[in-house]
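A closer look at the structure
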Amino acid sequence: MQTILEMKGITKFFPANQVHALDGVDLQVNTGAIHALVGENGAGKTTLMRILNGWFPANSGSMVFKGEKAFFRSPAEAFAHGIGMVHQHFRLVEDFSVVQNVVLGVEPRVGKLFASRHVPQKLQQVAQESQITVDFHARVKDLSIGDRQKVTLLRLLYRDSDFLILDEPTSVLTPLEAKGFFNILLTLQSKGKTIVWVSHHLHEVKQYASEVSVLRKGKMVFSGSLSSVSVDKLSEMMVGESVKETYQREPPPKRSAPVLSVSHFSLDHSGHYGRFEDVSLELFPGEIQGIAGVSGSGQSALAHCIAGLLEPSSGTLSYQGKDIVGESPRELREQKLVFVPEDRLHEGSCVHASISENWVVSRYYHPPFSREGRLQFPTIQEQTLKWVRDFQLDESGLKDVLHFEVGFLSGGNIQKVLLSRELSHDPRVLVVCDPTWGLDVKSTRFVREKLLELRQKGCAILLVSADLDELLELSDWIGVFFNGRLVGNLQNYLSSGEESPAKLPDRFLVSRYMTGISGAGKEQAS
Amino acid sequence: MSRTISRNHGATWSALFPPLLALAFGTVVILLTSQMPLQAFAAFFLKPFSATFFVGNWLAGATPLIITGLAACVAFTAGAFNLGLEGQVYGGAVLAGFLVLQMSHLPGWLGMWLALPAVFIAGGALAGLSGWMRVKWKVDSLLSTFLIGNILVFVCDFLLEGPMLDPSSGLSASGLIPDPAKFWQLSPPSLLHAGIFLSIFLAIVLAWMLKGSTFGYEIRLVGKNVGFSRYGGIPVKRVYFLAFFLSGGLAALAGAVDVLGAQERVIRGFSSGYGWNGIAVALIARNHPLLVIPAALFFAYLEAGAQTGGLFADLSPEIARLIQSVVFFIVSAQALSDYFSRKRVSGKRGVLHG
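None of the values given here were measured: they were computed from a predicted structure.

Rules behind the numbers
- Residues numbered from 1 in each chain as written.
- Chains lettered and ligands numbered in written order.
- Predicted model: local features only at pLDDT ≥ 70, side-chain atom pairs only at ≥ 80, totals over all residues.
- Helix = DSSP H or I, 4+ residues; strand = E, 2+ residues; numbered from the N terminus.
- Rg over C-alpha atoms; globule rule 2.2 N^0.38 Å.
- Contact = placed C-beta atoms within 7 Å.
- Buried ≥ 20, exposed ≤ 12 C-beta atoms within 10 Å, placed from the backbone.
- Pairing = 2+ DSSP bridges.
- Axes fitted to C-alpha atoms, helices over the stretch in contact; angles between N-to-C directions.
- Expected span 1.5 Å × (residues − 1).
- Arc of directions from axis to C-beta.
- Parallel < 35°, antiparallel > 145°, perpendicular 65-115°, else oblique.
- Nonpolar A, V, L, I, M, F, W, Y, C, P; charged D, E, K, R; others polar.
- Core = buried A, V, L, I, M, F, W, Y, C linked by C-beta atoms within 7 Å.
- pLDDT = per-residue confidence, 0-100.
- Left-handed = near helix turned anticlockwise from the far one by under 90°.

1. Description of the overall build of chain B
A tally of helices and strands in chain B yields 13 helices and zero strands. Compactness check: chain B gives a C-alpha radius of gyration of 21 Å against a globular reference of 20 Å for 354 residues, within 12% of the reference. In chain B, of all internal contacts separated by at least 6 residues, the share reaching a separation of at least 24 is 78%.

Shown next as structure tokens:
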């Protein structure tokens, strides 16, 4: 096989936070390969890809791409050489149609005018070859996450990219969407495209990739063919120590009165978080109620309504026997109803504010954090430090919590700041959305164990998650949203006397509900 | 790792860039328009420092700019635009003039100390209205402050031409401000007055408030990320209202201070530029209340230079406006692009719900 890319001795040092992101890394990619790049958060995967892509320069090292010995000086230059990158957050124009997004920058023209509805021959051909099916005239804002990803891919293929970098492409997809995505990936490979695929999902990597490189803390610890290495071995190399996969969970305690009950709850208008209708649900102390669903099915809107951030159109919401519709997030948190949103960069934290400014947002207005309107910085600093330490924030983030901006922390550490703040309120009900999205193995385990610890203490948890394994591992019940409705609620523990684990739901059963194949309230068990 | 870690480590350079570029531009204009470039140069750049009279006038010109700069600063920090500063300054001046003239039978100092808080509250209420309409009906405050401010300019013009006109002045102006009601004159015959101490005091108070008080914390976080603030439990609506109130109150106060310090009467259109220049001053100062002082001094220096340049050389006074416009153009282009890119992000998340 022919080598298309060879990087040697790549080193990258970030003076701002004194971190060696990459330390003498070698990477070799063969033409036509699906090359998986795996590693924990902060291992340096994204940094390496950005150097390859010309985003920023390396401090030292060399690169040969398609026989030319040079680094790219900008993403545009890399793009001109056929390197296309699909980011975790797609950069598409929401109000434009699919075609308009694809041809943006190289628009076909009729005379001097932009032929905005014209679907170029080449686009149809590219779509057919790569077996990507998507409505060309739909507006991007109306598309599912999976379809948006397809648009991004089409855009790159249309502009003759033959070396694709995919950053965590499946972390945002449902299992069925992911399956479709892998078909596309294999088709592209068969057409001779080279793909570098950044991922956490080792099972997917094992199944679809042809070669793999493992980064750990800025060093390349393995690089080679996938056939020679097992998933367990990969995971071990990635984290440097073996991480056990399962969680201890006893059946939930005998039910008493529900601590939170939602009945005939609806949100009519569809905003950023989606809509839902006629949802009824009860949360009990010491139970984790999971919520699955394709993203945008209304589960996030439900969570925001419970948390007092959206106003429901109809229905009742009672917490400890009291109607709480209309109460502010601050009032709810003071009553120990606590919410952790999925968007930790925009809603759950303020990336331009310091760690302590983030941490104290739920407390700044009362003593000892402020007195007569004056902020008490020593107390704030001390309490922030105490809590984030408790949540095992890396030492690198602890230097100066009063001034260190949260935006400079890794995703896992940002989540730890957020969780340490919210869980410090000793919740009686915790509504939490995608708590481990994008986190590395160790942080994920830490967060999940925290949730189970809370459950053990008698907290009622509503766990909205796109990660089915997470729901299956942690939840006592798994409710499934489809198209704004709660279409099923599956028991996910063995009642005493029941033996057969075959009765428990699995990924595929939940998936069927998520896509509307099963359910409609008939299977509602309670 | 130290406290310098933040997104704007290039801040010092990019803050100095607009004024420096504008001065370079001014130099070119002087070279192109003057018959005696060397004298013009000296007259523009050096003469303002040559006598206490000029220095006094320079500082007097900076006084209202510091306060309007602070007014803009408060609104910007909360992530809001108050484009009504111009009208608020004018309105504050007219109200202050009206009050001290009405209370001329009281001891003068009493008239002044009653007028200042009244002007502050009136200006605050007016800008607060825009804040209130924003949280109540989602009226864009950028538009509402601008429109209300413009209406106010016409109302004030009307008042000075009509009910408050003193025909004996020969101008479109009010009666003479009684001497006892004026700020202590520090260096007559220059215009320098004790209002400068008030403006510096306000800058220090505001700097402390933004950094060390709970209200300052609320304003800063709301300005940085509304979605997070709402989720975190900050009363976002109240913060918006109060930020606008404070901003409008300060702007009106700037007008009052100038009228009671550096003017003899309230003259029609006297404030032209204080409001807009306040915005530029806040932008140059990167919304830091203490940096507003040097930024305002810079802007007033341009005015002072234009005056001396006109007196001692053949420069036209418009040169100050020209340089100021260039500064304003650059800093507002920088700030607007920041503002709109941030708005795009948070706008998607239902900014003002709840």
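2. Topic: the overall build of chain A
A count of helical and extended segments in chain A gives 16 helices and 24 strands. At 24 Å, chain A has a C-alpha radius of gyration in line with the 24 Å of a compact globule built from 526 residues. With respect to the principal axes defined by its C-alpha atoms, chain A has extents near 70 × 55 × 55 Å. Split into buried and exposed, the 526 residues of chain A put 45% on the buried side. Long-range contacts, defined here as pairs at least 24 residues apart, represent 71% of the contacts in chain A between residues at least 6 apart.

3. Some words on the sheet that holds strand β23 (residues 477-482) of chain A
Residues and elements named next belong to chain A. Spatially, six strands are ordered β18-β21-β22-β15-β23-β24 in an open sheet, and the strand pairing comes out mixed. Every other strand in the sheet has two partners, leaving β18 (337-340) and β24 (485-491) as the edge strands with one partner each. On average, each strand axis in the sheet is tilted by 15° relative to the strand beside it, whichever way the strands run. In terms of strand pairing, strand β15 (residues 288-293) meets β23 through five bridges, oriented parallel. Residue pairing across strands places Ala292 opposite Val480, the latter belonging to β23. Against the sheet, helix α16 (residues 507-514) contacts β15, β23 and β24, and its axis sits at roughly 35° relative to β23.

4. Some details on helix α12 (residues 289-312) of chain B
Residue pairs three or four apart in sequence face the same way in an α-helix, which turns once every 3.6 residues. An ideal rise of 1.5 Å per residue puts 34 Å on 24 residues; α12 of chain B measures up with 35 Å between its terminal C-alpha atoms. Of all 24 residues that make up α12 of chain B, 17 are buried, and the element is covered over most of its length.

5. As for helix α7 (residues 195-212) of chain B
All names here are of chain B. Taking 1.5 Å per residue, 18 residues should reach 26 Å; α7 reaches 25 Å between its end C-alpha atoms and fits that length. For α7, the set of buried residues is Gly195, Ile196, Ser199, Leu202, Ala203, Leu206 and Leu210. Considered in projection along α7, the buried side chains sweep an arc of 115° and stay on one side of the axis. In α7, the exposed positions that point more than 90 degrees away from the buried face belong to Phe201 and Ile204. Looking at the packing, one finds that the buried side of α7 touches α3 (52-77), α8 (214-224), α10 (236-262) and α12.

6. What about the packing of α8 of chain B against α10 of chain B?
All names here are of chain B. Packing of α8 against α10 leaves a shortest axis separation of 10 Å and a crossing angle of 105°. As summarised for this structure, α8 and α10 are arranged roughly perpendicular, according to the angle between their axes. Here α8 contributes Glu218, Ile219 and Val222 to the contact with α10, which in turn contributes Val236, Val239 and Ala243. Partitioned by chemical class, the residues of the contact of α8 with α10 number five nonpolar, no polar and one charged.

7. Section: the nonpolar core
Grouped together as the largest cluster of nonpolar side chains are 197 residues, with contacts concentrated most on Leu70, Ala256 and Val292 of chain B. Here the element with the most residues in this core is α10 of chain B; it accounts for 18 residues. Look past the residues within four positions of Val292 of chain B in its chain and what remains in contact with it is Ile66, Gly69, Leu70, Cys73, Ala203, Val281, Ala282 and Ala285 of chain B. Formed by 62 residues, the second largest nonpolar core is a distinct cluster that contains Ala21, Ala33, Val38 and Met49 of chain A.

8. A short note on the confidence of the model for chain B
Residues and elements named next belong to chain B. When the pLDDT values of chain B are averaged, the result is 86; 91% of them are 70 or greater. In this model, residues 1-9 is a region of pLDDT below 50 whose contacts with residues beyond four sequence positions or in other chains number 15 contacts. Below a pLDDT of 50 lies the segment residues 344-354, which in the model reaches 19 contacts outside its immediate sequence neighbourhood of four places, other chains included. For this predicted complex, the interface score ipTM comes out at 0.83, alongside a pTM of 0.75.

9. Considering the packing of α3 of chain B against α12 of chain B
All names here are of chain B. Running from N to C, α3 and α12 cross one another at 135°; their axes reach a closest spacing of 7 Å. Relative to α12, the element α3 is oriented oblique. Regarding α3 and α12, the two cross each other, and that crossing is right-handed. For the pair formed by α3 and α12, the contact residues are Phe54, Asn57, Trp58, Gly61, Ala62, Leu65, Ile66, Gly69, Leu70 and Cys73 on the first element and Pro289, Val292, Ile293, Ala295, Ala296, Leu297, Phe299, Ala300, Tyr301, Glu303, Ala304 and Thr308 on the second. Residue composition of the contact of α3 with α12, grouped by class: 17 nonpolar, four polar and one charged.

10. Regarding the environment of Gly488 of chain A
Residues and elements named next belong to chain A. Within the secondary structure, Gly488 sits in strand β24. Residue classification places Gly488 among the buried positions, given that 25 C-beta atoms sit within 10 Å. Taking the C-alpha atoms as reference points, Gly488 and Ala21, 467 residues apart in sequence, are found 45 Å from one another.

11. Digging into the sheet that holds strand β11 (residues 211-216) of chain A
Residues and elements named next belong to chain A. The sheet built from six strands is open, its strands ordered β6-β9-β10-β3-β11-β12 with mixed pairing. The open sheet terminates on both sides in strands that have one partner only, identified here as β6 (83-86) and β12 (219-225). If you compare each strand with its neighbour and ignore which way they point, the axes differ by 15° on average. Two elements, strand β3 (residues 34-38) and strand β10 (residues 194-199), share five bridges in a ladder whose sense is parallel. Each bridged residue has a counterpart across the sheet, and for His35 the counterpart in β10 is Val196. In the packing of helix α1 (residues 45-52) onto the sheet, contacts are made with β3, β6, β9 (163-167), β10 and β11, and the angle to β9 comes to roughly 150°.

12. Section: the environment of Phe408 of chain A
Within the secondary structure, Phe408 of chain A sits in the loop between α12 (377-390) and α13 (411-423). The spatial distance from the C-alpha of Phe408 of chain A to the C-alpha of Ser354 of chain A is 9.5 Å, given a sequence separation of 54 residues.

13. Remarks on the environment of Asp440 of chain A
All names here are of chain A. The topology assignment puts Asp440 in the loop between β21 (429-433) and α14 (441-456). Residue classification places Asp440 among the buried residues on the basis of 21 C-beta atoms within 10 Å. Separated by 240 residues in sequence, Asp440 and His200 have C-alpha atoms that sit 7.6 Å apart.

14. Here we look at the pairing of β11 of chain A
Residues and elements named next belong to chain A. Across four bridges, β3 lies against β11 in parallel orientation. From the neighbouring strand, Val38 faces β11, where its bridge partner is Val214. Note: β11 against β12, six bridges, orientation antiparallel. Residue pairing across strands places Ser213 opposite Ser223, the latter belonging to β12. Between β11 and β12, which pair antiparallel in sequence order, lie two residues; one of them, Lys217, sits at a positive phi of approximately 50°.

15. Considering unusual backbone geometry
At the junction of Pro367 of chain A and Pro368 of chain A, the peptide bond is cis and its omega measures out at 0° in the coordinates. Cis rather than trans, the peptide bond between Pro188 of chain B and Pro189 of chain B has omega equal to 10°. One non-glycine residue, Lys336 of chain A, adopts positive backbone phi at about 70°. Mapped onto the elements of the fold, Lys336 of chain A is located in the loop between α10 (329-334) and β18. Of the residues examined, Lys336 of chain A has 16 C-beta atoms within 10 Å and is grouped as partly exposed.

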